[in-house]
Amino acid sequence: MRRIETSSAPGGLGWNRDTATLALLSFAMLIVSLDQYIVVVALPDIARDLGYSAQTLQSVISAYAVASAGFLLFGGRAADLLGRRRILATGLGLYAAAALAGGLSTEPGTLLAARAVQGLGGALVFPTTLALINTTFGEGRMRNRALGVWGGAGAAGLVIGVLLGGVLTQAFGWEAVFLVNVALAGPALLLTFVVIPKDGERERGRKFDLPGALSVTLGVTLVVFALVQGPGLGWLSPGILVSVVAGVLLIGVFVFVERRSDDPLMPPRLLSHRDLVTGVVIAFMFMATFGSVLYFLSLYFQEILGYDALQTGAAFLIPTAVVVAGSTAAGQFVTRFGLRVTLVAALGIGALGAVGLALAITPDGTYAELIPGLVALSVGDGVVFTTMFIAAASGISDREQGIASGIASTGSGVGAAVGLALLVLVATAGLDGLSGERLRIATANGISTALYVVAGGIALTLLIAWPRCPAPAEPRLSPVPYQTRRC
């Protein structure tokens, strides 16, 4: 029977319980999102204190990205089978412990290990929060609004991470960008046991599919590692080639195992689910394009405009506000106009914003010249982030929301790794052997070129979304107010 939308649950705290749940899950999503980029502004200080080279410094970011992307499917399935409150608490606990270890690190290896464990914690938290949203709120207007708030927190976290990283680095040093997560994840962990209902007994007859979980986790991790480290180590280096071959073989093993499993980790029918596949593709492209811009903007502010950590953080105030507004309103846009109209409009605005930024980024540019493109790109960023997860959750049963969320978030994680790796190659082409003013000019031109590529990627995403999200047959003002316009 289809769940009827309601703002209360029998025997619960009604609207207050739902609101508290949404607030906690959005806060947890904010924590996970902001940590992807909170270290960006602190990278120069980390390199100086711990002895990273220019070639190895990006590993501070990629250690998180690789571990997170590799374990997202595992986290989503674990949430379905082992209990969503248990997995959320485990993820937050790992996050807090790893953050403490990162803040106390005195050598590169310890810091990288802490970042990898943080990525694992994030891989448990991300799909679990999404699954809890989708099972707490019935499909339609209520879920769209809830995902708008959750998505606003997630999209804003990417930008707030850079802002907060600048403030903390300037005031307390790079260690603070790690230790702040202890202060954030600790209370969230405690509130999980207060706000989230206790998990029920495990459903009989359902297995975890350990061979499938291990093969896909290791396979995705190795492929993402190769994509992230390929530009630095060389695409034909032995380590990269071995990682790619082993990763592809393990993913092949995963497909073989799934076809013969009575209770597969990834039910084959989900891969034929139109809305979920659309959401995954858009999530991949979103993080490969929108999600990579923050890295290049931070580089432009510091290397070209000469901003310090605090000024760089402050430069992200405008995009933060716009992203939050766009992402929070996205759920209402989907309810009102449908997925296709919302996605296409947001992607179009985002592509124009990327072109505007590419034109404004010059060796002698100013922040004021960036604002029009920055605002347009941030509008698209916020709206698309929420909308792609609305699409991915539509029509999925409650018992499979965890793995569906894991599939969608894996798409975003892999997209982030692929996008940044390719765009760094574009932006740094021709920089070898340059120094001084020539290097500064070439770096600015490279960033501008990368932004043009981002604009092309967003336009390609629009072309993908248009046919896969047909316009709804019902009139704009639907007589059924809570009906979701499906992709």
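Per chain, residue numbering runs from 1 following the sequence as it is written. Local features are withheld for residues below a pLDDT of 70 in this predicted model, meaning they are given only at 70 or higher, and side-chain atom pairs are given and counted only at 80 or more; totals for whole chains, interfaces and linings count all residues. The basis for the side-chain values is all heavy atoms of the structure; hydrogens and waters are excluded.

Structurally, Ile38 can be placed in the loop between α1 (15-34) and α2 (43-50). Separated by 239 residues in the primary sequence, Ile38 and Val277 have C-alpha atoms spaced 30 Å apart. Not counting residues up to four positions away in its chain, the partners in contact with Ile38 are Gly161, Val162, Leu164, Gly165, Leu168, Val177 and Val180. Comment: elements are numbered from the N terminus, with helices defined as DSSP H or I runs of at least four residues and strands as E runs of at least two. Throughout, a contact is declared for two residues whenever any of their heavy atoms are within 4.5 Å.

Picture a little ball the size of a water molecule; that probe, rolled over the atoms, points out where space is still empty. Buriedness for pockets is judged along seven lines, at least five of which must meet protein on both sides within 12 Å for an open set on the 1 Å grid over protein atoms alone, while cavities are sets there where a 1.4 Å probe fits but cannot get out, and lining residues have an atom within 4 Å of a point. Grid points are joined across faces, edges and corners, and a volume is the space filled by probe spheres set on the points. Following the criterion strictly, the structure yields 3 cavities of 30 Å³ or more and no others. Of the voids in this model, the largest cavity is the one considered here, and its volume is about 310 Å³. Each residue is assigned to one class: nonpolar for Ala, Val, Leu, Ile, Met, Phe, Trp, Tyr, Cys and Pro, charged for Asp, Glu, Lys and Arg, and polar for all the others, Gly among them. Residues belonging to the lining of the largest cavity are distributed by class as follows: 16 nonpolar, 9 polar and no charged. Its boundaries defined by the atoms lining it, the second largest cavity holds a volume of some 80 Å³. Around the second largest cavity, the lining residues are Val159, Phe290, Val293, Leu294, Leu297, Pro319, Val323, Leu374, Leu377, Ser378 and Asp381. Sorting the residues of the lining of the second largest cavity by element identifies α11 (274-304), α13 (317-337) and α15 (367-393) as the ones contributing at least two each. Here the lining of the second largest cavity is built from residues that sort into 9 nonpolar, 1 polar and 1 charged.

Once that is clear, we can look at α2. Residues three or four positions apart in an α-helix share a direction because the helix packs 3.6 residues into each turn. Relative accessibility decides the category of a residue: with a 1.4 Å probe and only protein chains considered, values under 20% of the type maximum give buried, values over 50% give exposed, and everything between is partly exposed. Turning to α2, its buried residues are Leu43, Ile46, Ala47 and Leu50. Seen from one end, α2 has its buried residues packed into an arc of 100 degrees, which puts them on one side. Here the buried face of α2 lies against α3 (59-82), α5 (108-136) and α7 (176-195). Working note: the arc is built from the helix axis to C-beta atom directions.

Once that is clear, we can look at the side chain of Arg115. Following the sequence through the fold, Arg115 ends up in helix α5. Exposure remark for Arg115: the relative accessible area of 0% places this residue in the buried category. Those residues within four positions of Arg115 in sequence are excluded, and the remaining contacts are Asp35, Gln36, Val39, Val60, Ile61, Ala63, Tyr64 and Phe178.

Between the rings of Phe, Tyr and Trp (Trp by its six-membered ring), a pair exists once the centres lie within 6.5 Å; its type follows the angle of the planes, with under 30 degrees stacked, over 60 edge-to-face, and the other angles tilted. According to the stated counting rule, one finds 14 aromatic pairs in the structure shown. With centroids separated by 6.4 Å and ring planes inclined at 50 degrees, the aromatic side chains of Tyr300 and Phe301 adopt a geometry described as tilted. This pair shows no difference in class: Tyr300 is buried, exactly as Phe301 is. Through a chain of ring-to-ring contacts, the aromatic side chains of Phe126, Trp150, Phe286, Phe290, Phe385 and Phe389 assemble into a single cluster. The ring centre of Trp466 lies 4.2 Å from the NZ or CZ of Arg340, which sits over that ring. Whether a charge lies above a ring is judged from NZ of Lys or CZ of Arg, which has to be within 6 Å of the ring centre and within 35 degrees of the ring normal.

Function cannot be read off these values alone, since they describe shape.
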